[in-house]
Amino acid sequence: MEVAKGQIIFHQGSQGDYALLIEKGQVEIFHTKSDDLETHLAVLGEGELFGEMALFDTNIRSAGARALSDCTLLVIRKDQLFERVSTSDKIVQLIIRILMRRLKQQNEAKSGVALPHITGSANDSTDAVEKLKYENQINEAFLHREFRIYHQPMVNLESQKIVGSEALIRWESPTKGLISPGAFVDILENSSMIVPVGYWIIEECFIHHKKLLEKHPGADFSISINVSGRQLLHYSFVQTLRELTEKHKVDPSRFKLEITERILVEGGLVIDILNQCHELGFHISLDDFGTGFSSLQYLARMPIDFIKIDRSFTMNVGKDVKTLAIVDSIIYLAKKLNIRIIAEGIETEAERQSMRDLGCEYGQGYLFSKPLEFSKFLALI
Ligand code: C2E
Ligand code: CMP
Ligand code: CA
Ligand code: CA
């Protein structure tokens, strides 16, 4: 946030649910009495934090703040702070250090005794500030509707006909161009932003599905939606899913919720949520199968309809007999359990044939198509 010299940053008594870190410039903190008399409280400079008090109580600013020079300020929202349960988080450490430094200064001023230095490397601060800035950019990107849902066709491996797609998020940044989820999905998933973004993704998939049906009425086309652990475990996930289903009047059995093995270790609660999603009619697909903590027990205990065999298997199945044996067993077991199989990352005709010959029904991969923006995907089918 850029603030020009002399501008009021916030007024005393106003509502505020964010703190500000001074990246550049100087800020004056002042108190105003009922008779409009201003008392100067402090001048803060680079690396100092202000506006943090409102986060801890009523959200009412205890004083006003004014830019003494042109300032660059970094906003730290309340939710960004409170979702960080871990004190090893760099942003939490940065804030604790700033607050401790201020407390130390106050104590030294009162007692006249110098206290030990508060440690913490400059690198840590730089990393934390960069992380905060990036989080803010991602948040802004969502508010400015810069996220898009791309679709990668999923095909029948025998006929090579498109039977559905996997929805994959992209960030179309007006300044940085097209950004793949590898660069931002972890940050989304590790912050509470994944909850509203996750609901947006689901809603967007519902809207896209309706458009697909307008073009091909009655087609039994399905869309796979990636759902992260944090999203699934959000208290209103099932209810929101139900509401969105009703709002858009979509058939839940046309959607697969793709979860990874990682979240299955969370145990009972996850089984419960997955069962509820299943009862609503959604299919459950286990992503990246074979790369994580695959316990065969999960396959028996969870309502899993599909497993996706990870690309690391697909690419080696024709080259390595052990991989071949593993994939063969996975497919055998899945069939016994009435679970259907999707092979991921098929790049060559040889891979398609190997997976098909092993009895794998569906596949995705660059051989068929890269993920496409919706209009192109719609034109393809
Ligand atoms: P994923 O769910 O395993 O998605 C498959 C990734 O493999 C996608 O990368 C896709 O573009 C890529 N891929 C597909 N075919 C091929 C191929 O033939 N060869 C190779 N080398 N790669 C292929 P993408 O789109 O970059 O997504 C990366 C990851 O980000 C996804 O992995 C998923 O974990 C996450 N992600 C993407 N979209 C979403 C979303 O909407 N929500 C959530 N929670 N996560 C998402
Ligand atoms: P907040 O109450 O959110 O908004 C006003 C901010 O001014 C407050 O958080 C502190 O960051 C800062 N502030 C309030 N009183 C003082 C003070 N006496 N000295 C320095 N900073 C203060
Ligand atoms: Ca996936
Ligand atoms: Ca995958």
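Refer to the structure printed above.
Each value, and the rule that gives it
Residues numbered from 1 in each chain as written. Chains lettered and ligands numbered in written order. Predicted model: local features only at pLDDT ≥ 70, side-chain atom pairs only at ≥ 80, totals over all residues. Heavy atoms only, no water. Near = heavy atom within 4 Å. Areas by Shrake-Rupley, 256 points an atom, 1.4 Å probe, with all protein chains shown as cover. Helix = DSSP H or I, 4+ residues; strand = E, 2+ residues; numbered from the N terminus. Donors = N, O, S within 2.8 Å, 3.2 Å for Na, K, Ca; no water. Buried < 20%, exposed > 50% of the residue type's maximum accessible area, 1.4 Å probe, protein only. Axes fitted to C-alpha atoms, helices over the stretch in contact; angles between N-to-C directions. Parallel < 35°, antiparallel > 145°, perpendicular 65-115°, else oblique. Left-handed = near helix turned anticlockwise from the far one by under 90°. Contact = heavy atoms within 4.5 Å. Nonpolar A, V, L, I, M, F, W, Y, C, P; charged D, E, K, R; others polar. Phe/Tyr/Trp six-rings, centres within 6.5 Å; stacked < 30°, edge-to-face > 60°.

Engineer: Honestly, the site of ligand 1 in this entry has me stumped. Any pointers?
Structural biologist: The local shell around ligand 1 holds 22 residues, among which Q152, R170, D287, E347 and Y366 are the closest. Contact with the protein chains removes 80% of the 800 Å² of surface that ligand 1 exposes when unbound. Broken down by element, the shell around ligand 1 gets its largest block of residues, four residues, from strand β10 (residues 162-173).

Engineer: Teacher, can you tell me more about the coordination of the calcium ion (ligand 3) here?
Structural biologist: Perfect tetrahedral coordination of a metal by four donors corresponds to 109.5 degrees between them, and perfect octahedral coordination by six donors corresponds to 90 or 180 degrees. At the metal site, the calcium ion (ligand 3) is ligated by E166 (OE), N226 (OD1), E258 (OE) and D287 (OD), and these contacts range over 2.1 to 2.3 Å. Written as a sequence motif, the donor arrangement for the calcium ion (ligand 3) is E-x59-N-x31-E-x28-D. Between the calcium ion (ligand 3) and the calcium ion (ligand 4), a separation of 4.0 Å is found, and both are coordinated by D287. You can see N226 sitting in strand β12 (residues 222-226) and its partner D287 sitting in strand β14 (residues 283-289), a full 61 residues away along the chain. Judged by its relative accessible area of 26%, N226 is partly exposed. Of the residues examined, D287 reaches a relative accessible area of 7% and is grouped as buried.

Engineer: Where do I start with the environment of S159 in this structure?
Structural biologist: Looking at where S159 falls in the secondary structure, it is placed in the loop between β9 (147-156) and β10. Distance from S159 to A219, taken between C-alpha atoms, is 16 Å for residues 60 residues apart in sequence.

Engineer: Just to check I follow, could you spell out the packing of helix α8 (residues 237-248) against helix α10 (residues 268-280) for this structure?
Structural biologist: For any two helices packed against each other, one specifies the inter-axial angle together with the distance between the axes. Taken N-terminus to C-terminus, the directions of α8 and α10 make an angle of 15°; their axes are 10 Å apart at the nearest point. Accordingly, the angle class assigned to the pair α8 and α10 is roughly parallel. In this structure, α8 crosses over α10, and the sense of that crossing is right-handed. For the pair formed by α8 and α10, the contact residues are F237, V238, L241 and R242 on the first element and I273, Q276, C277 and L280 on the second. Its residues assigned to classes, the contact of α8 with α10 comprises six nonpolar, one polar and one charged.

Engineer: Hey, could you run me through the coordination of the calcium ion (ligand 4) in this one?
Structural biologist: For the calcium ion (ligand 4), the full set of protein donor atoms is D287 (OD), D288 (OD), E344 (OE) and E344 (OE), at a range of 2.2 to 2.5 Å. If you list the donors of the calcium ion (ligand 4) from N- to C-terminus, the spacing comes out as D-D-x55-E.

Engineer: Would you explain the packing of aromatic side chains in this entry?
Structural biologist: To describe a pair of aromatic rings, you give the distance between the ring centres and the angle between the ring planes. Under the defined criterion, the tally for this structure stands at 13 aromatic pairs. With a centroid separation of 6.2 Å and an interplanar angle of 85°, the aromatic rings of F147 and W171 are classed as edge-to-face. With a gap of 24 residues between them, F147 in strand β9 and W171 in strand β10 connect regions that are remote in the sequence. Assigned by exposure class, F147 and W171 land together as buried.

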